[in-house]
Amino acid sequence: MNASRHWKTIAGWVLHGLVGGSMLLAGSAKVLGLFPPEQVAKLGLGVPIQVIGAGEVVSAVLLLVPRAASLGVLLTSGFWGGAICLHMSKGEPFAVQSVFLLLTWVGAYLRVPGTFASFAMSAKTEPSITNATEVLVP
């Protein structure tokens, strides 16, 4: 592994550690009932806050497990997107949630290079339809 790739991986781990760690702390507080009830009422959440906390913890764990990092990035992105939408609908600031979403994707770019591999495909690598039909039709 070259030095540049090594530093990118470490930076990705640091970013995902920050995001995952904060999600584990916040999600654990929700699951254990330590989240202030007045804050839950203010947000108008109909779902028990423990369900949201469990989803947050699962997303964070998947983000931090190397073999499940791609799924973790997807679920974590969905979580932060939902948090942004909730805060927007209540007219509250959502900059913190947006920063965490950005950190999730920057960490994925640095740590899990395969996440963006499908964007790098060129037209030359994809089989052409005309060539495929020529093979099938005698």
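For the structure itself, look to the data block above.
Numbers given for residues are sequential positions, taken from 1 along each chain in its written order. pLDDT decides what is reported in this predicted model: residues at 70 or higher carry local features, side-chain atom pairs at 80 or more are listed and counted, and totals for whole chains, interfaces and linings draw on all residues regardless. For the side-chain quantities, the full set of heavy atoms in the structure was used; hydrogens and water were omitted.

Trainee: Quick question: what am I supposed to make of the packing of aromatic side chains here?
Mentor: The way to describe two aromatic rings as a pair is by their centre distance and the angle between their planes. Two rings belonging to Phe, Tyr or Trp (six-membered ring only in the last case) form a pair when the distance between their centres is within 6.5 Å. Interplanar angles under 30 degrees mark stacking, angles over 60 mark edge-to-face geometry, and anything in between is tilted. Taken as a whole and assessed by the stated rule, the structure comprises two aromatic pairs. Ring plane angle 10 degrees and centroid distance 4.9 Å describe the contact between tryptophan 80 and phenylalanine 100, whose orientation is recorded as stacked. Of the two residues, tryptophan 80 is situated in helix 4 (residues 69-89) and phenylalanine 100 in helix 5 (residues 95-111); the sequence distance between them amounts to 20 residues. Only protein chains enter the area calculation, which uses a 1.4 Å probe; residues under 20% of their type maximum are buried, those over 50% are exposed, and those in between are partly exposed. Residue class for tryptophan 80 comes out buried when judged on its relative accessible area of 8%. Among the aromatic residues, those joined into a ring-pair cluster are Phe79, Trp80 and Phe100. Only when the NZ atom of a Lys or the CZ atom of an Arg is both within 6 Å of the ring centre and within 35 degrees of the ring normal do we say a charge sits over the ring. If you follow lysine 30 out to its NZ or CZ, it ends over the ring of phenylalanine 35, 5.5 Å from the centre. One residue, arginine 111, lies across the ring of tryptophan 13, its end atom 3.8 Å from the ring centre. Put simply, DSSP H or I for four residues or longer makes a helix, DSSP E for two residues or longer makes a strand, and each gets a number counted from the N terminus.

Trainee: Is there a simple way to think about a nonpolar patch on the surface in this case?
Mentor: Like charges are joined within 9 Å and nonpolar side chains (Val, Leu, Ile, Met, Phe, Trp, Tyr) within 5 Å, but only among residues with over 30% relative accessible area and no salt bridge; these make up the patches. All accessible areas in this document rest on Shrake-Rupley with a 1.4 Å probe, and a residue is counted as covered only by the protein chains that are shown. By definition here, a salt bridge exists when the distance from a side-chain nitrogen of Lys or Arg to a carboxyl oxygen of Asp or Glu is within 4 Å. Taken together, the side chains of Trp7, Ile10, Val14 and Leu18 make up a nonpolar region of the molecular surface, amounting to roughly 420 Å² of accessible area. With respect to the element layout, valine 14 can be found in helix 1 (residues 3-31).

Trainee: I'm lost on the pattern of salt bridges in this one. Help?
Mentor: Pairing is possible between side chains that carry opposite charge, provided their charged atoms lie close to one another. Applying the stated criterion to the full structure yields two salt bridges. The closest approach of N and O atoms between lysine 30 and glutamate 56, which form a salt bridge, is 2.7 Å. Note that lysine 30 is positioned in helix 1 and glutamate 56 in helix 3 (residues 49-64), a separation of 26 residues in sequence. Here lysine 30 matches glutamate 56 in class, with each residue buried.

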